[in-house]
Amino acid sequence: RLLRRALDLRQGKPMLRCSVAIDLPAALAARLLRRGRAQPRATDAYRLPRLRRPPTGPPPVVVGAGPAGLFAALTLAEAGVAPSLIERGKAVEARARDVAKLYARGVLQPESNVCFGEGGAGTFSDGKLYTRINDLRVRRVLELLVAHGAPAGILIDNRPHLGTDRLVHLLQQIRARLLDLGAEVRFGTQVRGFSATAGRLTGIELGDGSRLQAEAALVCTGHSARPVWEALQAAGAACQARPFAMGLRIEHPQALIDAAQYGRHAGGDGLPAADYRLVDPQPRHGAWSFCMCPGGVVVTTPTEAGALCINGMSHSSRAGRFANSALVVGVDGEDFAAAGYHGLFAGAELQAACERRAYVAGGGDFTAPACRASDFVAGRASTTLGRSSYRRGLLAGDLAGIYPAAIEAALRRALQRFAKQIPGFASEEATLIGIESRTASPVRVLRCPQTLQAQGCAGLYPAGEGMGYGGGILSAAVDGVRAADALLRAMGAD
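Residues numbered from 1 in each chain as written. Predicted model: local features only at pLDDT ≥ 70, side-chain atom pairs only at ≥ 80, totals over all residues. Heavy atoms only, no water.

J.: Before we move on, could you go through the sheet that holds strand β8 (residues 211-213) and cite the residues and values that matter?
T.: The strand order across the open sheet formed by three strands is β6-β7-β8, and the pairing between neighbours is antiparallel. Each edge of the sheet is formed by a strand with only one pairing partner; in this case those strands are β6 (191-197) and β8. For this sheet, the mean inter-axis angle between neighbouring strands, taken without regard to orientation, is 25°. (Pairing = 2+ DSSP bridges. Helix = DSSP H or I, 4+ residues; strand = E, 2+ residues; numbered from the N terminus. Axes fitted to C-alpha atoms, helices over the stretch in contact; angles between N-to-C directions.)

J.: Explain the sheet that holds strand β18 (residues 394-396) to me, and be specific about the residues and the numbers.
T.: The strand order β12-β13-β16-β11-β19-β17-β18 describes an open sheet built from seven strands, whose pairing is mixed. Among the strands making up the open sheet, the edge pair consists of β12 (279-280) and β18. Bridge count for strand β17 (residues 368-372) against strand β19 (residues 431-436) is three bridges, and the pairing is antiparallel. Following the sheet pairing, Cys371 is matched in β19 by Leu432. Sheet strands in contact with helix α9 (residues 346-361) are β11 (244-253), β17, β18 and β19, and its direction is about 35° off that of β11. Here helix α11 (residues 405-421) sits on the sheet and contacts β11, β12, β13 (287-293), β16 (322-331) and β19; the angle it forms with β16, its principal contact strand, is near 130°. (Contact = heavy atoms within 4.5 Å.)

J.: Describe in detail the packing of aromatic side chains, supporting the description with residues and values.
T.: In total, this model carries five aromatic pairs according to the counting rule given. Aromatic pair Phe418 and Phe425: ring centres 6.0 Å apart, planes at 90°, arrangement edge-to-face. Judged on exposure class, the residue Phe418 and its partner Phe425 are both buried. In textbook terms, an aromatic cluster arises when at least three aromatic residues are bridged by ring pairs, as seen for Tyr276, Phe418 and Phe425. A cation sits over an aromatic face here: Arg226 above Phe345, 4.2 Å from the ring centre. When the ring centre of Phe376 is taken as reference, the NZ or CZ atom of Arg412 above it lies at 4.4 Å. (Phe/Tyr/Trp six-rings, centres within 6.5 Å; stacked < 30°, edge-to-face > 60°. Buried < 20%, exposed > 50% of the residue type's maximum accessible area, 1.4 Å probe, protein only. Lys NZ or Arg CZ within 6 Å of the ring centre and 35° of its normal.)

J.: Outline the pattern of salt bridges, supporting the account with residue identities and numerical values.
T.: The full count for this structure, using the stated rule, is 31 salt bridges. Where Arg392 meets Asp365, a salt bridge forms, and the shortest distance between an N and an O atom there is 2.8 Å. One end of the pair, Arg392, is in the loop between α10 (373-378) and β18; the other, Asp365, is in the loop between α9 and β17, and 27 residues separate them in sequence. Judged by its relative accessible area of 12%, Arg392 falls in the buried class. (Salt bridge = Lys/Arg side-chain N within 4 Å of Asp/Glu carboxyl O.)

J.: Please give an account of the side chain of Arg447 that cites residues and values.
T.: Summarising the element assignment, Arg447 is placed in the loop between β20 (443-445) and β21 (460-462). Here Arg447 falls in the buried class, since its relative accessible area comes to 11%. At 2.8 Å, the side chain of Arg447 forms a polar contact with the backbone oxygen of Pro462. Side chain to side chain, Arg447 and Asp479 meet in a polar contact 2.8 Å long. Contact partners of Arg447, with chain neighbours within four places excluded, come to Leu452, Gln453, Ala454, Gln455, Pro462, Ala463, Tyr469, Asp479 and Arg482. (Polar contact = N/O pair within 3.5 Å; in protein donor to acceptor, adjacent residues only side chain to side chain.)

J.: Quick rundown of the environment of His169? Include the residues and the values.
T.: Turning to its location among the elements, His169 is positioned in helix α5 (residues 164-180). The spatial distance from the C-alpha of His169 to the C-alpha of Ala29 is 44 Å, given a sequence separation of 140 residues.

J.: Summarise the state of the cysteines; cite the residues concerned and give the values.
T.: Counting across every chain of the model gives zero disulfides. Free of any disulfide, Cys220 has its nearest neighbouring cysteine sulfur in Cys239, separated by 15 Å. Here Cys293 stays free of any disulfide, with the sulfur of Cys291 as its closest cysteine sulfur at 4.2 Å. (Disulfide = S-S within 2.5 Å.)

J.: Describe a positive patch on the surface, listing the residues and the values that go with them.
T.: A cluster of like positive charges, contributed by Arg31, Arg34, Arg35 and Arg37, occupies part of the molecular surface. Its place among the elements puts Arg31 in helix α1 (residues 26-34). We classify Arg31 as partly exposed; its relative accessible area is 35%. (Patch = residues over 30% accessible without salt bridge, like charges linked within 9 Å, V, L, I, M, F, W, Y side chains within 5 Å. Areas by Shrake-Rupley, 256 points an atom, 1.4 Å probe, with all protein chains shown as cover. Lys, Arg positive; Asp, Glu negative; His and termini not counted. Charge placed at Lys NZ, Arg CZ, Asp CG, Glu CD.)

J.: An account of the packing of helix α2 (residues 67-78) against α5 is requested, with residue identities and associated values reported.
T.: Helix packing for two helices is described by the angle between their axes and how far apart those axes are. The geometry of α2 relative to α5 is characterised by a closest axis approach of 10 Å and an angle of 30° between their N-to-C directions. Taken as a pair, α2 and α5 cross one another with a handedness that is left-handed. Residues Leu70, Phe71, Ala73, Leu74, Ala77 and Glu78 of α2 form the contact with α5, whose own contacting residues are Leu171, Ile174, Arg177 and Leu178. Across the contact of α2 with α5, the residue classes tally to eight nonpolar, no polar and two charged. (Left-handed = near helix turned anticlockwise from the far one by under 90°. Nonpolar A, V, L, I, M, F, W, Y, C, P; charged D, E, K, R; others polar.)

J.: Got a sec to walk through helix α3 (residues 92-105)? Specific residues and values, please.
T.: Counted at 1.5 Å a residue, the expected span for α3 with its 14 residues is 20 Å, and the 19 Å between its end C-alpha atoms agrees. Where α3 is concerned, the buried positions are Val92, Arg95, Asp98, Val99, Leu102 and Tyr103. Seen along its axis, α3 keeps its buried residues to an arc of 140°; they face one direction. Projecting away from the buried face of α3 at angles above 90 degrees are the exposed residues Arg97 and Arg105. On the buried face of α3, the contacting elements are α5, β14 (297-300) and β15 (310-313). Positive phi appears at Gly106, one or two residues downstream of α3, with a value of about 75°. (Expected span 1.5 Å × (residues − 1). Arc of directions from axis to C-beta.)

J.: Break down the nonpolar core for me, with residues and values.
T.: Ile250, Phe425 and Leu432 are the most contacted members of the largest nonpolar core, which totals 56 residues. When residues in this core are grouped by element, the largest group, six residues, is from α11. Not counting the four nearest positions on each side in its chain, Phe425 is found in contact with Ile250, His252, Tyr276, Leu278, Leu327, Ala373, Leu415, Phe418, Ala419 and Ala430. Formed by 51 residues, the second largest nonpolar core is a distinct cluster that contains Val62, Ile154, Ala476 and Ala484. (Core = buried A, V, L, I, M, F, W, Y, C linked by side-chain atoms within 4.5 Å.)

Here's what the structure looks like:
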């Protein structure tokens, strides 16, 4: 049985390396194990907690229908506790139409966009399913994705991805399953506040003025839902500013990356569009590539007028002419303070300020400011640009001044380093596009390590990327399952 497959480029020639499970006679298996030529097959598997008696009281509420919220809701529902799932944005079908208008005409819907709506920000991305966490729930999430329409290959690929084109149908199937299990799904429903008495959740105030009675809420909103952080803080939940990363997106012809990674084998049958992972480690302001999209496109991802941020995405085929990736720099409290921002929302305020400057630098209408990588390294403005996948259009110029000087310097240093690893990486064929500012949540909601409930407000379970836990589709989904497991245990599940 094929367990894992990975493309290995370390020997200068592309090789497919596979891990396989084989049933062997006991004596032969024991001999191979003693010699270190085999490993025992793992037998541990995730076990869904089960309640010993039917639940009582109001149903738990799941806030946010991104990866963490969807898989938390699915876990609860399959355990016999049908939740109420509420999402400020629209269902994925309507959301897709709103996003198409944003890409084509620059029409932004503040409550239905690349960040807000069913599926969360990952819906309009490459659909990457990479994670470094070692948790039995990883396999659980992947198997649930396959059960709802994802290709079975994600169970064995070393770096699996879904592609944006597959996610709409998959999300519809997950929603149908939740409804079949008795869950309530409410779109266009925004949380205004959390009610608490004596440090324990009692209800949720909604944007239309109504109130949900609730003794347990899994809060799984994304990295851009600032009103929810404010509501959690007001309810007594302990929160803190969190380091994250900011930078630019770099775009190359895919053929350049293929040639650099595959050499004379580039263009060979069966080879996928090449990717890369690059790191410039530093004591402060280390830089790295992030969310690399082979054969992908650069897209606009704002949530408010007058501010610009971007991201990358790919379809399942990864057959586009361009490769793009974020190049980001780690920022922390020292950077926030140096820019004049303090307190819980210091990082979010730095984000917002940079996004407003990027919007102005692009000339408005979500046109993005851009520069050839060779010009950026040399510290000069670009007067011309190569072709790009970014549909809203690029404005050639100088990216200086959008970010604090320390971030710009770190990006220049990293580009020079990366150009030694990938020929042409910082050449005039490479285009830097501004800005990639929402790599992770700038706020963390603290929770008890044992119960996973918010410190300061029992009954609240913060989970996923927007609460400061998880850094991508798979890790956020796993954290949502983990939070649901914790709630089930608190309800007496085995």
